[in-house]
Amino acid sequence: MEVIKNSPNLPRRRFVQGLAAGGVVLGMVPMLNPAQAASRGTVTGDVPILTGNEFELIIDETPVNFTGKTRMATTINGSIPGPTLRMREGDEVTIRVTNRLKDPTSIHWHGIILPYQMDGVPGISFPGIAPGETFTYKYTLQQSGTYWYHSHSGMQELTGMYGGLIIDPAEGDSIEADREHLVLLSDWTDENPMRVFGKLKNQGDLYNFNQPTVFDFFRDVSNGGVMAALSKRQMWNEMRMSPTDLADLSSETLTYLMNGTAPAGNWTALFKQGERVRLRFINGAGNSFYDVRIPGLKMTVVQADGQNIEPVTVDEFRFGPGETYDVLVEPQAEAYTLFAQAMDRTGYARGTLGTQAGLSAAVPELDPAEWLTMADMMGDMGGMDHGSMDTGAMADMDHSSMNMSGMDHSAMSMGAMAGGLSKASSEVNHASSEYGPSVDMRVDTPRTNLDDPGIGLRNNGRRVLTLADLRTPGGVMDPRPPEREIELHLTGNMERYTWSFDGVEFGSSTPVHLNYGERVRIILHNDTMMTHPMHLHGMWSELESSDGSFQVRRHTIPVQPAQRISFLVTADALGRWAWHCHLMFHMDAGMFREVVVS
Ligand SMILES: [Cu+2]
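What counts, and at which threshold
- Residues numbered from 1 in each chain as written.
- Predicted model: local features only at pLDDT ≥ 70, side-chain atom pairs only at ≥ 80, totals over all residues.
- Heavy atoms only, no water.
- Donors = N, O, S within 2.8 Å, 3.2 Å for Na, K, Ca; no water.
- Helix = DSSP H or I, 4+ residues; strand = E, 2+ residues; numbered from the N terminus.
- Buried < 20%, exposed > 50% of the residue type's maximum accessible area, 1.4 Å probe, protein only.
- 1 Å grid on protein atoms, 1.4 Å probe; cavity = no way out; pocket = protein on both sides within 12 Å on 5 of 7 lines; lining within 4 Å.
- Points joined across faces, edges and corners; volume = space filled by probe spheres on them.
- Nonpolar A, V, L, I, M, F, W, Y, C, P; charged D, E, K, R; others polar.
- Salt bridge = Lys/Arg side-chain N within 4 Å of Asp/Glu carboxyl O.
- pLDDT = per-residue confidence, 0-100.
- Contact = heavy atoms within 4.5 Å.
- Polar contact = N/O pair within 3.5 Å; in protein donor to acceptor, adjacent residues only side chain to side chain.
- Core = buried A, V, L, I, M, F, W, Y, C linked by side-chain atoms within 4.5 Å.
- Domains from an automatic or database assignment.
- Pairing = 2+ DSSP bridges.
- Axes fitted to C-alpha atoms, helices over the stretch in contact; angles between N-to-C directions.
- Phe/Tyr/Trp six-rings, centres within 6.5 Å; stacked < 30°, edge-to-face > 60°.

**Q** Would you take a moment to explain the coordination of the copper ion for this structure?
**A** For a metal bound by four donors in a tetrahedral arrangement, the ideal donor-metal-donor angle is 109.5 degrees, while six donors in an octahedral arrangement ideally sit at 90 or 180 degrees. Surrounding the copper ion are the protein donor atoms His 532 (ND1), Cys 581 (SG) and His 586 (ND1), which sit 2.0 to 2.2 Å from the metal. For the copper ion, the single-chain donor residues occur in sequence as H-x48-C-x4-H. One end of the pair, His 532, is in strand β28 (residues 532–536); the other, His 586, is in helix α6 (residues 584–588), with 54 residues separating them in the sequence. Take His 532: its relative accessible area is 0%, and that puts it in the buried class. His 586 sits in the buried class, given a relative accessible area of 0%.

So this is what it looks like as structure tokens:
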């Protein structure tokens, strides 16, 4: 066991490496056969694989220990992740899910095109699976690629209920590899997720440990003068947001897992030198964006969200909860580190790609946490370079034109800066705005640049994948132009810890209606300072570039702060569907809508 001691002044050292042999507590899992039990919690941390077209899944509570404390997890067939289900395109699959919990449960097949009654969202697709009951899912696979499945009930996804879902193409795979591994990233908390959620509701930034310090302030003073530094502080205070607000939770609360193994456990993917290896990366975390790289190896990205793309070779990619990327690598050395740092830079998941178990390569330092830039906050600022624009550059601007030191809130739309942020309310103490109590800021001139790798990845010297790199070969599924547009703002109020579409939380919302068969353009305009991985169930989201040309087919699209993106949907799936941010706490705090196709 290796736990780095916490220190209030060293946020980057608050990082729990976890137990080397953490995971499901051995000897307490009757579901596992001896071979499976022997493989749990070992350095290779094998995830069980089930193949065929009939599957039995048992949902139960299982004791786990990732950090030195034994806690109860929600497991599928007794493991974390649950078994990888391997299916074949064209097959009708039958999956019987038995609930041995005291609470209702469900399984959602993330990214799978299927009848809505099989989609597994309680209250929308079906009533859920009551304690003691078995629900039988049955559907025919119309697609292939890397997907995953998870609970859509309560906080079960955060307590271990997720697994990989691989569908082999009916006609043989056009992606050729000698060997493959599933790499499912997730996050774990020893705390009860409901309590964590309650604390977030009480104080949104309680868990944010990258708060600017007095030292940052004095550095700003020396760089830009007292007034500039004061304006910057004041502005952040006004918005009840921290410029380092990259994640709601950090490594103080979370242990970052790779295939259910903490960093100290060094999950290892084996290969033979000279092989071409396919890695199927899945982000199954409740709350963590990961920045993934394999120092010393180029990764050729060949699939996004289960759909083949035109191959693109990169050093690094970022993905949020719900997204998947398949990459090809050709390792030559004996060992490489699979390195997945959390976007807020407070910790990482880590494993090894090695020629045998027990090897490891150097583990990189965490990159420094970066402040959100003015572009992140305000969008497109009159042609300024988003990549190089940072808060420091504000010091060069004429603050008198921004009316910030005078605290004239009505002038805070910052017209002098060619657009930006509106915070029109003078009642900032109530963290409300003219757009209602659920909206604490509004971006008037959003940016559309898909080629921005995002905060913390700009100009880092590595070739980082962006949405602009992703191209689905063969073009759109449906060549019709959209008949209409639906525009929704992604909104939030950090102080109240509410998240919503258009300032309306799910509980007060009415469904978005799509006419059966129509082609529609959906525009998402992010008025918050966080990136939201937006997941529409049941139908593909075909992302457009800013000039309206087709980019890529996705099931989950990350929308950066102050960004405005659009995608086309063909409403070819009758019924009731969920559409939500895949950060669990954002979903539960209201960034969720029902979509009805009729
Ligand atoms: Cu979100």
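That was the structure; now back to the text.
**Q** What should I look at first to understand the environment of Ser 250 in this one?
**A** Among the structural elements, Ser 250 can be located in the loop between α4 (226–238) and β12 (254–258). For Ser 250, a relative accessible area of 2% translates into the label buried. Taking the C-alpha atoms as reference, Ser 250 lies 6.0 Å from Thr 346; in sequence the two are 96 residues apart.

**Q** Quick question: what am I supposed to make of empty space enclosed by the protein here?
**A** The rolling of a water-molecule-sized probe over the atoms marks out the regions of remaining empty space. Under the definition given, this model contains 7 cavities of 30 Å³ or more. Looking at which element gives the most residues to the lining of the largest cavity, the answer is strand β18 (residues 316–319), with 3 residues. Counted by class, the lining of the largest cavity contains 9 nonpolar, 6 polar and 3 charged residues.

**Q** Is there a simple way to explain the pattern of salt bridges in this structure?
**A** As a working rule, side chains carrying opposite charge can pair if their charged atoms are close by. Applying the stated criterion across every chain, the model contains 31 salt bridges. Measuring nitrogen to oxygen at the nearest pair gives 2.8 Å for the salt bridge that ties Arg 484 to Glu 518. Here Arg 484, found in strand β24 (residues 484–493), pairs with Glu 518, found in the loop between β26 (512–514) and β27 (519–526); they are 34 residues apart in sequence, far enough to count as distant. Judged by its relative accessible area of 31%, Arg 484 falls in the partly exposed class. Among the ionic pairs, Glu 487 bridges to Arg 564, the shortest N-O distance being 2.9 Å. Of this pair, Glu 487 sits in strand β24 while Arg 564 sits in strand β32 (residues 564–570), and the two are 77 residues apart along the sequence. By relative accessible area, which is 29% here, Arg 564 ends up partly exposed.

**Q** I keep staring at the confidence of the model for the chain and nothing clicks. Help me out?
**A** The predicted model of the chain has a mean per-residue pLDDT of 82, with 76% of residues at 70 or higher. Ignoring residues within four places in sequence, the model shows residues 28–44, a span with pLDDT below 50, making 33 contacts including any to other chains.

**Q** Explain the side chain of Gln 17 to me, please; I cannot follow it from the model alone.
**A** Inspection of the secondary structure assignment puts Gln 17 in the segment before β1 (23–24). There is a polar contact of 3.0 Å between the side chain of Gln 17 and the side chain of Tyr 348.

**Q** Teacher, can you tell me more about the nonpolar core here?
**A** Core analysis: the largest hydrophobic core is formed by 113 residues, its most contacted members being Ile 95, Trp 109, Tyr 137, Tyr 139, Leu 514, Leu 524 and Trp 579. Built from parts of two domains, this core gets at least three residues from each of domain 1 (12–172) and domain 2 (374–597). Excluding its chain neighbours within four sequence positions, the residues that come into contact with Leu 524 are Leu 488, Leu 490, Phe 501, Met 534, Val 559, Gln 563, Arg 564, Ile 565, Phe 567 and Trp 579. Core analysis: the next-biggest nonpolar cluster, separate from the first, contains 14 residues, Val 24, Ala 73, Tyr 162 and Leu 182 among them.

**Q** Would you mind going over the sheet that holds strand β17 (residues 307–314) with me for this structure?
**A** Sheet strands pair by backbone hydrogen bonding; their relative direction is either parallel or antiparallel. Here 6 strands make up an open sheet; going across it, the order is β12-β11-β14-β19-β16-β17 and the pairing mixed. What marks the edges here is a single partner per strand, and that holds for β12 and β17. Averaged over all pairs of adjacent strands, the angle between their axes in this sheet comes to 20 degrees, without regard to strand direction. Sheet analysis places strand β11 (residues 179–189) next to β12, joined by 5 bridges and oriented antiparallel.

**Q** What is the right way to read the packing of aromatic side chains from this model?
**A** Note on aromatic pairs: each is described by the distance of the centres and the angle between the planes. In this structure the tally under the stated criterion is 17 aromatic pairs. A centroid spacing of 5.1 Å and a plane angle of 85 degrees characterise the contact between Trp 109 and Tyr 137, whose relative ring orientation is edge-to-face. On the criterion of sequence distance, the pair formed by Trp 109 in strand β7 (residues 108–110) and Tyr 137 in strand β8 (residues 134–140) is long-range, its members being 28 residues apart. Pair check on accessibility: Trp 109 and Tyr 137 agree, each one buried. Each ring, one from Phe 126 and one from Phe 135, has its centre 4.9 Å from the other, and the planes form 65 degrees; the classification is edge-to-face. Among the aromatic residues, those joined into a ring-pair cluster are Trp 109, Phe 126, Phe 135, Tyr 137, Tyr 139 and Tyr 149.

**Q** Would you explain the environment of Ile 522 in this entry?
**A** Mapped onto the elements of the fold, Ile 522 is located in strand β27. For the pair Ile 522 and Val 569, spaced 47 residues apart in the sequence, the C-alpha separation amounts to 7.4 Å. Apart from the residues lying within four places of it in its own chain, the contact partners of Ile 522 are Ile 486, Ile 565, Ser 566, Phe 567, Val 569 and Trp 579.

**Q** Mind showing me how you'd approach the sheet that holds strand β2 (residues 49–51) here?
**A** As summarised here, the arrangement of the 5 strands in space is β2-β5-β10-β9-β7, forming an open sheet in which the pairing is mixed. Both edges of this open sheet fall to β2 and β7, since each of them pairs with a single strand only. Direction aside, neighbouring strands of the sheet carry axes that sit 25 degrees apart on average. Where strand β9 (residues 145–150) meets strand β10 (residues 162–168), 6 bridges bridge the pair, whose relative direction is antiparallel. If you follow Thr 146 over to β10, its bridge partner there is Ile 166.

**Q** Sorry if this is basic, but what is going on with the side chain of Gln 551 here?
**A** Within the fold, Gln 551 resides in strand β30 (residues 550–554). Within the structure, Gln 551 has its side chain in polar contact with the backbone oxygen of Leu 470 (distance 2.9 Å). Not counting chain neighbours up to four residues away, the residues in contact with Gln 551 comprise Leu 450, Leu 467, Ala 468, Leu 470, Arg 471, Thr 472, Leu 543, Glu 544 and Ser 545.

**Q** When you look at the layout of surface pockets in this model, what are you seeing that I'm missing?
**A** The space that makes up the second largest pocket amounts to roughly 550 Å³. Around the second largest pocket, the lining is made up of 39 residues, and of these Gln 142, Gln 143, Gln 307, Met 477 and Trp 540 lie nearest the centre. Going through the elements one at a time, β10, β14 (277–283), β17 and β32 are the ones with two or more residues in the lining of the second largest pocket. It is β32 that provides the largest number of residues to the lining of the second largest pocket, a total of 3 residues. Residue composition of the lining of the second largest pocket, grouped by class: 15 nonpolar, 13 polar and 11 charged. When residues of the lining of the second largest pocket are assigned to domains, at least three fall in each of domain 1 (12–172) and domain 2 (374–597).

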